[in-house]
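Commentary on secondary and tertiary structure
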Amino acid sequence: MAKPTYGPNGELLDGGADLSMGGTLEYLHDVLYITVFVHTASIVTDWFWLAYLVIPGYAGYMLWIYIIYPYVFAARPDEQQDSQMDAKKRAKMEKKATRTKYLHGKK
């Protein structure tokens, strides 16, 4: 976090926290906004507490997208090597297919 700054007479000029910082602070702001929404909407009905399920749902989604899915479905090193060889074979076949073909006919 940032360091607080004081004026010449000892008055606090800046508390040191930059609220426009990215990262975890953005998620904390989102949790705060969801909490305000839930508490305000709970005036209408008590079932708005279910909106809190958005928080663990989003956390699970991010966990799946950035950690679990890439780990589980990542290509193995031997598969990557095979795919490179397949690409070379495919390029060779395409090159061979585009060559001009001469047919020897009867005269």
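Below is a summary of the structure that appears in this document. Note that this is a predicted model, so its numbers are computed, not measured.

How each quantity is defined
- Within any chain, residue numbers begin from 1 and follow the written order of that chain's sequence.
- Local features in this predicted model are restricted to residues of pLDDT 70 or higher, and side-chain atom pairs are both shown and tallied only at a pLDDT of 80 or more, whereas totals for entire chains, interfaces and linings draw on every residue.
- No hydrogens and no water enter the side-chain calculation; it runs on all heavy atoms of the structure.
- Two aromatic rings from Phe, Tyr or Trp, using only the six-membered ring of Trp, form a pair when their centres are within 6.5 Å; if the ring planes differ by under 30 degrees the pair is stacked, by over 60 it is edge-to-face, and anything between is tilted.
- Runs of E in the DSSP output that reach at least two residues are strands. Runs of H or I that reach at least four are helices, and both are numbered from the N terminus.
- When accessible area is computed with a 1.4 Å probe and restricted to protein chains, residues below 20% of their type maximum are described as buried, those above 50% as exposed, and intermediate ones as partly exposed.
- Cavity and pocket criteria rest on a 1 Å grid covering protein atoms alone: a 1.4 Å probe that fits but cannot get out defines a cavity, protein on both sides within 12 Å along at least 5 of 7 lines defines an open pocket, and an atom within 4 Å of a point defines a lining residue.
- Grid points are joined across faces, edges and corners, and a volume is the space filled by probe spheres set on the points.
- Three residue categories are used. Nonpolar comprises Ala, Val, Leu, Ile, Met, Phe, Trp, Tyr, Cys and Pro, charged comprises Asp, Glu, Lys and Arg, and polar comprises the others, including Gly.
- What goes into a patch is any residue over 30% in relative accessible area without a salt bridge, connected to like charges within 9 Å or, for nonpolar side chains (Val, Leu, Ile, Met, Phe, Trp, Tyr), within 5 Å.
- Reported accessibility uses the Shrake-Rupley method at a 1.4 Å probe radius. Residues are deemed covered only where the shown protein chains occlude them.
- Any carboxyl oxygen of Asp or Glu within 4 Å of a side-chain nitrogen of Lys or Arg constitutes a salt bridge here.
- Positive: Lys, Arg. Negative: Asp, Glu. His and the chain ends are not part of the count.
- Just so you know, the charge point we use is NZ for Lys, CZ for Arg, CG for Asp and CD for Glu.
- A helix's residues, less one, multiplied by 1.5 Å, set its expected span.
- Contact criterion: two residues are considered in contact whenever any of their non-hydrogen atoms come within 4.5 Å of each other.

Counted by the stated rule, this structure contains five aromatic pairs. Ring centres of Tyr58 and Tyr61 lie 6.4 Å apart, and the angle between their planes is 35°; on these two criteria the pair is classed as tilted. Here Tyr58 and its partner Tyr61 are both found in helix 2 (residues 54–72), three residues apart, which amounts to about one turn of the helix. We classify Tyr58 as partly exposed; its relative accessible area is 40%. Assessed through its relative accessible area of 48%, Tyr61 is described here as partly exposed. An angle of 50° between the planes, with centres 5.8 Å apart, marks the rings of Trp64 and Tyr69 as tilted. Judged by its relative accessible area of 39%, Trp64 is partly exposed. Classification of Tyr69 by relative accessible area gives partly exposed; the value is 42%.

Another point: the layout of surface pockets. For the largest pocket, the calculated volume is near 180 Å³. Lining the largest pocket are Tyr27, Asp30, Val31, Ile34, Val54, Ile55, Tyr58 and Ala59. Among the elements of the structure, helix 1 (24–41) and helix 2 are those that each provide at least two residues to the lining of the largest pocket. Classifying every residue of the lining of the largest pocket by side-chain character gives seven nonpolar, no polar and one charged.

What follows concerns a positive patch on the surface. On the surface, a cluster of positive charge is made up of Lys92, Lys95, Lys96, Arg99 and Lys101. Mapped onto the fold, Arg99 is located in the segment after helix 3 (77–98). Since its relative accessible area comes to 52%, Arg99 is described here as exposed.

So, on to helix 1. With 18 residues, helix 1 should reach 26 Å at 1.5 Å per residue; the first-to-last C-alpha distance of 26 Å fits that figure. Looking at helix 1, one finds that the buried residues are Leu25, Ile34, Val38 and Ala41. Next to the buried residues of helix 1 lie helix 2.

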